[in-house]
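# Commentary on secondary and tertiary structure
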Amino acid sequence: MSVAQRERLRRSGVAAVEICATAALYFGSAKLGLLQQLVRGQVTPLWPPSGIAVASLLLCGPRVWPGIALGAFLVNVSLGPSVPAVLAIMAGNTLAPVCSWALLRSAGFRNELDRLRDALALIFLGAFTGMLVSATTGSGTLVLAGALSTADFWPTWSVWWTGDAMGVLVVTPVLLVLRSARLPKDAPPARWAEGLLLLVATVGVGFLETSRTPLLFLGFPLLIWAAFRFRLAGAAPCALAVSTFAIIAAAERSGPFAGHHLLTEMITLQAFNGSAALTALLLSAVIGERNETQREIARACRQLAGMAARMATGDYTPMVPEADAEKEDQAWVEDP
């Protein structure tokens, strides 16, 4: 077997593993999401598979779409009213994240989510626009199949769309962060203690959300704390945890969701989840851009100071650009 054939075989094996992993994650997260459904069928306040599907496409590329289709089929085959309806819903659930991926890539989206434009692209293109496909296809299919009345189309469509969009806003950033996050082994103990305190505080606020005390707003200071101190690596998991506890409280009709009509409950829940996700995404991106601006200013000041010092000594030879110097330093570190 030639080297090229072995490389093609290796790539095929990697693609098969990625497709199977995507299908398994899609199916498993769907079953977890359905445990907290507030309305019938596939409609949940937060649909994690949509976030997993978009993240898989962003991380692995379009070759994993069969895994999304397989996962969607396995989920809907036990829920759909008929085989044609199952296939139609599966097609919508597959096409929606593919559309989100295509829109994000056309907008120059970066998986690091360290720019405000990337956060806004994920919100408006990846979540709000791309998920229109799955909500419209799914709700329309249920109406055509006779499983949903025409009068219930728009309520079901709105919940379906917001659930898929919340999945992208809450779950996708966590998966993107996990791909690039690294444990800071040289971090001081105080840094680890701060992260542990943030985790304990987030869980504590989550339990308050599920109690009789309506204290949803206590989650936002923690989100701001996480974004300022740990950027998206802290803010995204924090938003996921706070939203999960809010969904549990809504499903159990406890805390701030007790005694309200389903529509009021859904509006309150989705407004809270959306606000938490937007706070985590936008604040982390703004802080990232601020830090990058500060680094650029510091770099420019060092270059000006170096130029002034050289001119003071009568040395007018061109300076090596700092970017090239950084590359040389990095190469020296990697290969001493």
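None of these values were measured; they are calculated from a predicted model.

Quick notes on the rules
Residues numbered from 1 in each chain as written. Predicted model: local features only at pLDDT ≥ 70, side-chain atom pairs only at ≥ 80, totals over all residues. Heavy atoms only, no water. Helix = DSSP H or I, 4+ residues; strand = E, 2+ residues; numbered from the N terminus. Buried < 20%, exposed > 50% of the residue type's maximum accessible area, 1.4 Å probe, protein only. Contact = heavy atoms within 4.5 Å. Phe/Tyr/Trp six-rings, centres within 6.5 Å; stacked < 30°, edge-to-face > 60°. Salt bridge = Lys/Arg side-chain N within 4 Å of Asp/Glu carboxyl O. Core = buried A, V, L, I, M, F, W, Y, C linked by side-chain atoms within 4.5 Å. Expected span 1.5 Å × (residues − 1). Axes fitted to C-alpha atoms, helices over the stretch in contact; angles between N-to-C directions. Parallel < 35°, antiparallel > 145°, perpendicular 65-115°, else oblique. pLDDT = per-residue confidence, 0-100. Left-handed = near helix turned anticlockwise from the far one by under 90°. Nonpolar A, V, L, I, M, F, W, Y, C, P; charged D, E, K, R; others polar. Polar contact = N/O pair within 3.5 Å; in protein donor to acceptor, adjacent residues only side chain to side chain. Patch = residues over 30% accessible without salt bridge, like charges linked within 9 Å, V, L, I, M, F, W, Y side chains within 5 Å. Areas by Shrake-Rupley, 256 points an atom, 1.4 Å probe, with all protein chains shown as cover.

Looking only at helices and strands, the chain features 11 helices and zero strands. The linear arrangement of helices and strands in the chain, starting from the amino end, is α-α-α-α-α-α-α-α-α-α-α. In the chain, buried positions account for 41% of the 336 residues. The contacts of the chain with a sequence gap of at least 6 include a subset with a gap of at least 24, amounting to 73%.

If you check the backbone angles, Leu113 has positive phi at about 50 degrees while not being a glycine. On the accessibility criterion, Leu113 (3% relative accessible area) is buried. With a phi close to 55 degrees, Arg231 is a non-glycine residue in the positive phi region. Here Arg231 is to be found in helix α9 (residues 219-251).

A few words on the packing of aromatic side chains. All told, the structure shown has six aromatic pairs when counted by the stated rule. Centroid distance Trp154 to Trp157: 5.5 Å. Interplanar angle 75 degrees. Geometry classified as edge-to-face. Taken together, the positions of Trp154 and Trp157, both in helix α7 (residues 153-180) and three residues apart, correspond to about one turn of that helix. The exposed category is assigned to Trp154, whose relative accessible area is 56%. On the basis of relative accessible area, Trp157 is assigned to the buried category, the value being 16%. Taking the centre distance of 5.7 Å and the plane angle of 15 degrees together, the rings of Trp157 and Trp161 count as stacked. Placement of both Trp157 and Trp161 in helix α7 is noted, with a separation of four residues, approximately one turn of the helix.

Turning our attention to the pattern of salt bridges. In the structure shown here, the tally under the stated rule is seven salt bridges. Arg191 is paired through a salt bridge with Glu194; the nearest N and O atoms lie 3.8 Å apart. Of this pair, Arg191 and Glu194 both sit in helix α8 (residues 189-209), three residues apart, which is roughly one turn of the helix. Relative accessible area serves as the criterion here: at 27%, Arg191 is assigned to the partly exposed category. On the basis of relative accessible area, Glu194 is assigned to the buried category, the value being 14%. Note that Glu194 is salt-bridged to Arg229, the shortest N-O span being 2.7 Å. With a gap of 35 residues between them, Glu194 in helix α8 and Arg229 in helix α9 connect regions that are remote in the sequence.

This part is about the nonpolar core. In this structure, Leu104, Phe109, Leu113, Leu122, Leu169 and Leu281 are the most contacted members of the largest nonpolar core, which totals 50 residues. Those elements that place two or more of their residues in this core are α2 (48-60), α4 (83-106), α5 (116-129), α7, α8, α9 and α10 (262-312). If you tally residues by element for this core, the top one is α9, at 15 residues. Once you skip the residues sitting within four places of it in the chain, Leu169 turns out to touch Leu122, Ile123, Ala127, Phe128, Ala277 and Leu281. In terms of nonpolar packing, the next biggest core, distinct from the first, is built from 12 residues, Cys60, Val64, Ile68 and Met90 among them.

Turning our attention to helix α1 (residues 3-34). Taking 1.5 Å of rise per residue, the 32 residues of α1 would be expected to cover 46 Å, and the 47 Å separating its terminal C-alpha atoms lies within 8% of that figure. Three or more residues of α1 are buried, namely Ala15, Glu18, Thr22, Ala23, Tyr26, Ser29, Ala30, Gly33 and Leu34. Next to the buried residues of α1 lie α2, α3 (65-76) and α4.

At a minimum axis separation of 7 Å, α4 and helix α6 (residues 132-144) run at an interaxial angle of 170 degrees. Taken as axis vectors, α4 and α6 run roughly antiparallel relative to one another. On α6, the residues touching Ala85, Ala88, Ile89, Gly92, Asn93, Leu95, Ala96 and Cys99 of α4 are Val133, Ser134, Thr137, Gly138, Thr141 and Leu142.

Glancing now at the confidence of the model for the chain. On average, residues of the chain score 84 in pLDDT, and 85% of them are at 70 or above. The secondary-structure element of the chain with the lowest mean pLDDT is helix α11 (residues 322-334), recorded at 39, while α2 shows the highest, at 96. Of the regions scoring below 50 in pLDDT, residues 323-336 engages in two contacts with residues more than four places distant in sequence or in other chains.

On to the packing of α6 against α7. What describes two packed helices is the angle between their axes and the distance between those same axes. For the pair α6 and α7, the least separation of the axes is 8 Å and the interaxial angle reads 145 degrees. As for how α6 packs across α7, the hand of that crossing is right-handed. In contact with Leu132, Ser134, Ala135, Thr136, Gly138, Ser139, Gly140, Leu142 and Val143 of α6, α7 contributes Phe153, Thr156, Trp157, Trp160, Trp161 and Asp164. A class-by-class count of the residues in the contact of α6 with α7 yields eight nonpolar, six polar and one charged.

Now for the side chain of Glu194. There is a polar contact of 2.7 Å between the side chain of Glu194 and the side chain of Arg229. Contact partners of Glu194, with chain neighbours within four places excluded, come to Trp225, Arg229 and Phe230.

On the surface, Leu196, Leu199, Val200, Val203 and Phe207 cluster together into a nonpolar patch covering about 480 Å² of accessible area. As for its placement among the helices and strands, Leu196 is situated in helix α8. For Leu196, a relative accessible area of 52% puts it in the exposed group.

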